[in-house]
Amino acid sequence: MIYLVEDDSSIRELVIYALNSTGLEAKGFEKPSEFWKAVEEEEPSLVILDVMLPEESGIDVLKKIRSNPAIEKLPVIMETAKTSEYDRINGLESGADDYISKPFSMMEMVARVKALIRRSEYKHEEKDYTINNLYVCPIKHLVKVDDREVVLTLKEYEMLCLLLKNRGI
């Protein structure tokens, strides 16, 4: 899931549409507070941040991401109308992985997103699941019931993990 934090609704809708139409899954947020609430529910695989936002700047959001051990390695692309060399350097030195200036082409945005996803070493550290007598460790691909290892096919294992990740839905 890709999260876009952009206060301009027309740009936000266009970028989300472009990403979704190329097979990527994306959600947009107008304010940083909406973004932070969504991050608590589901960690994205990449974030696109506008620099000039209501509530707090994109640079401040980026600094909070980089100071949070749970998501500090999350890939971030800054997008902004600020095009000076100082602004680009400030964004990159604050921890952005890429920087794109407005106006930009949707094809370039999608290409940059795909490139960053491709080269990103960011992996969601999946947590272990324990429900009653069931224990699943996604990192080790281990499933135990009553402390006995259970052998599952790949599809069975993937299905079990999908159900655990979406528990309660």
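Residues numbered from 1 in each chain as written. Predicted model: local features only at pLDDT ≥ 70, side-chain atom pairs only at ≥ 80, totals over all residues. Heavy atoms only, no water.

**Quick look at the pairing of strand 3 (residues 46–50)**
- Of all 5 residues making up strand 3, 5 are buried, and the element is well covered by its neighbours.
- With burial as the criterion, each face of strand 3 is covered, one bearing Leu46, Ile48 and Asp50 and the other bearing Val47 and Leu49.
- Pairing between strand 1 (residues 2–5) and strand 3: 4 bridges, direction parallel. By the bridge assignment, Val5 is partnered in strand 3 with Leu49.
- Of the crossover connections in this fold, the one passing from strand 3 over helix 3 (residues 58–67) to the parallel strand 4 (residues 76–80) is right-handed. (Buried < 20%, exposed > 50% of the residue type's maximum accessible area, 1.4 Å probe, protein only. Helix = DSSP H or I, 4+ residues; strand = E, 2+ residues; numbered from the N terminus. Pairing = 2+ DSSP bridges. Right-handed = clockwise from strand over helix to strand, strands pointing away.)

**A closer look at the sheet that holds strand 9 (residues 148–149)**
- Overall, antiparallel pairing links the 4 strands, which are arranged 6-7-8-9 in an open sheet. Each edge of the open sheet carries a strand with a single partner, namely strand 6 (129–131) and strand 9.
- The pairing of strand 8 (residues 142–145) with strand 9 spans 2 bridges and is classified as antiparallel. Bridging across to strand 9, Val145 finds its partner in Arg148.
- Those strands touched by helix 6 (residues 154–165) are strand 6, strand 7 (134–137) and strand 8, and its axis lies near 105° from that of strand 7. (Contact = heavy atoms within 4.5 Å. Axes fitted to C-alpha atoms, helices over the stretch in contact; angles between N-to-C directions.)

**Overview of the nonpolar core**
- Counting 22 residues, the largest nonpolar core has Tyr3, Phe35, Val47, Leu49, Ile65, Val76 and Met78 as the members making the most contacts within it.
- Mapped onto this core, the elements with two or more residues apiece are strand 1, helix 2 (32–41), strand 3, helix 3 and strand 4.
- Discounting residues that sit within four places of it in the chain, Val76 has contacts with Val47, Leu49, Leu62, Ile65, Arg66, Ala96, Asp97, Asp98 and Leu116.
- Ile2, Val15, Ala18 and Leu46 belong to the second largest nonpolar core, which has 17 residues in total. (Core = buried A, V, L, I, M, F, W, Y, C linked by side-chain atoms within 4.5 Å.)

**Describing the sheet that holds strand 2 (residues 26–29)**
- Overall, parallel pairing links the 5 strands, which are arranged 2-1-3-4-5 in an open sheet. Looking along the sheet, the strands with just one partner apiece sit at the ends: strand 2 and strand 5 (98–101). Going from strand to strand, the sheet's axes swing by 20° on average, the running direction of each strand aside.
- In the sheet, strand 3 pairs with strand 4 via 4 bridges, with the strands oriented parallel. Among the inter-strand pairings, Ile48 is bridged to a residue of strand 4, identified as Ile77.

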